[in-house]
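# Chains, contacts and geometry: an overview
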Amino acid sequence: SSTSDVPPALAKMDAKTLGNYLELMCKDPSQMVARRVNPHDASLVMFAVQTDTLLATLKAKQLESVIAHKFGAHSLRIYRMLGIHKMLEQKHVAELGMLNARETRERLFGMYAAGVLTLTEIPKGSTGAVTLQNREPKASFFLWGINDTMLMRIVTEEVCHATLNLRLRAEQEV
C-alpha cells in the first residue's frame, strides 16, 4: 500500500507512541486487539485484531440498533437486561429496568408480539402433571427471554430490505 493510504496524523506518529496506543487498545474490555509475543524472540511483539470478537461486537450492536429503532430506548434496556440474565419475571424486569409495571408489560408484550421475546411458563412446585385443564396461571412463574432465532430473522429481513431500497434507488439515479 502507498503512503497516501496512511492518515497524516498516523504517518507523523513515532513507533513508541504507536506502541503505546496499541498497548492501550489491548487493555480495552472489548478485547478487539490482542498482543502476541513471538515465542522464538521475546523482543518481537505483534498486535492482532481479534476478528471473532470484532464481529460478535458488531452483531450485538446491530441487534441493539434494530431493537432501539423498532421498539425504543426503554425496550432496548429490557433487551440488554434479558441478554445478561437470560430469563426474568416481569416484576424483575420492571425493577431492574426502573420502569413502571404498565410500561414494562406493554414493552414486553410488544416485543413478544413481534417474535423478539419468548414467554415460558414454569409451574410452581406442582405435585402432578400439569395439563391445560388443570393449570392455573397463579400457580406458575412466567419468564421472559430472548428469541435469538426470530431476532436474527428480523435483522436479516431489515438488511435485505435496506439492500433492496439501495438497489432501487441506484437504478433510479442512473
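Please read all numbers here as calculations on a predicted model, not as lab measurements.

Conventions adopted
- Residues numbered from 1 in each chain as written.
- Predicted model: local features only at pLDDT ≥ 70, side-chain atom pairs only at ≥ 80, totals over all residues.
- Heavy atoms only, no water.
- Phe/Tyr/Trp six-rings, centres within 6.5 Å; stacked < 30°, edge-to-face > 60°.
- Helix = DSSP H or I, 4+ residues; strand = E, 2+ residues; numbered from the N terminus.
- Buried < 20%, exposed > 50% of the residue type's maximum accessible area, 1.4 Å probe, protein only.
- Contact = heavy atoms within 4.5 Å.
- Patch = residues over 30% accessible without salt bridge, like charges linked within 9 Å, V, L, I, M, F, W, Y side chains within 5 Å.
- Areas by Shrake-Rupley, 256 points an atom, 1.4 Å probe, with all protein chains shown as cover.
- Salt bridge = Lys/Arg side-chain N within 4 Å of Asp/Glu carboxyl O.

## Quick word on the packing of aromatic side chains
The description of an aromatic ring pair uses the distance of the two centres, along with the angle that the planes make with each other. Taken as a whole, this structure holds three aromatic pairs when the rule is applied. Where Phe109 meets Tyr112, the ring centres are 6.3 Å apart and the plane angle is 85 degrees; that geometry is what we call edge-to-face. Taken together, the residues span about one helical turn, with Phe109 and Tyr112 both in helix 6 (residues 101–113) at a distance of three residues. Relative accessible area serves as the criterion here: at 39%, Phe109 is assigned to the partly exposed category. Through successive ring pairs, a cluster of aromatic residues spans Phe109, Tyr112 and Trp144.

## Topic: the environment of Leu88
With respect to the element layout, Leu88 can be found in strand 3 (residues 88–89). Separated by 23 residues in sequence, Leu88 and Met111 place their C-alpha atoms 15 Å apart. With near-sequence residues (within four places) excluded, Leu88 lies in contact with Met81, Leu82, Val93, Leu96, Phe142, Leu143 and Trp144.

## Observations concerning a nonpolar patch on the surface
On the surface, a cluster of nonpolar side chains totalling about 210 Å² of accessible area is made up of Val6, Leu10 and Leu18. Looking at the secondary structure, you find Leu10 in helix 1 (residues 8–11). You can call Leu10 partly exposed: its relative accessible area is 39%.

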